[in-house]
Amino acid sequence: MYGFCLKGEQIKLFMNEFLKGETFDGFLVKHMEVFSVTKFETDGNINPDYLKEGEKRRSCFWRELRPIAFGLIKGKVKPKIFKTVLALPLEKAEILSENAASMHLSVTFENNRIVFLTGTSQKSFSLDKDVDLAWEGYIKKFLSFTALFVKLWNKLCVYKYKDVIKWIIPIIKQEKKPPPTGNGLARIP
């Protein structure tokens, strides 16, 4: 698991690119949740009638749901929660690792910060971390070559796995403790 967060002015820059740009359009949406006036939620499954002849996929691409997400959160009041779980299409994931069943990137806006977490699943059980390492390496390269992140690179706060776990578990338990500051920060090489 690889995680990092954005705060302050970085949020506006990222959200502008995420909701208006094409950077993430090639990812599939596995889950999207917006809690603003009310809660909106989708599993990202596509209506089969919407697909072109011969096209086979279960999930919508981000480019298809991006305008809907933008419509749900635009306005003067920020949503309480905006969470999107994106996945690399399987054919691309298999290029990174033959044992990859899925490779996910969770993007969550909550408590005036955006938290990014990676996750993977394997086709067959293995004790090695090859799938995780391949996905983390891909995400680091993907984000480092993205124009948006070039602007933000010096301002990113990147957490080691053990530090992410320390503050993500209380959030899951609804204790809402803030992430650590100072100790445990690690810059991406």
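Residues numbered from 1 in each chain as written. Predicted model: local features only at pLDDT ≥ 70, side-chain atom pairs only at ≥ 80, totals over all residues. Heavy atoms only, no water.

Student: Looking at this structure, I do not really get unusual backbone geometry. What am I missing?
Tutor: Note on backbone geometry: most residues besides glycine have negative phi, and most peptide bonds are trans. One non-glycine residue, N111, adopts positive backbone phi at about 55°. Secondary-structure assignment places N111 in the loop between β5 (100-110) and β6 (113-122). By relative accessible area, N111 is classed as partly exposed at 43%. Although it is not a glycine, N112 sits at a positive phi angle of roughly 55°. Relative to the elements of secondary structure, N112 occurs in the loop between β5 and β6. (Helix = DSSP H or I, 4+ residues; strand = E, 2+ residues; numbered from the N terminus. Buried < 20%, exposed > 50% of the residue type's maximum accessible area, 1.4 Å probe, protein only.)

Student: Mind showing me how you'd approach the pairing of strand β4 (residues 81-87) here?
Tutor: Along any regular strand the residues' side chains alternate between the sheet's two faces. Of all seven residues in β4, six are buried; the element is thus mostly enclosed. When strand β2 (residues 28-35) meets β4, the two strands line up antiparallel, connected through seven bridges. From the neighbouring strand, M32 faces β4, where its bridge partner is T84. Summarising the sheet, β4 and β5 pair through seven bridges and their orientation is antiparallel. From the neighbouring strand, L86 faces β5, where its bridge partner is L105. (Pairing = 2+ DSSP bridges.)

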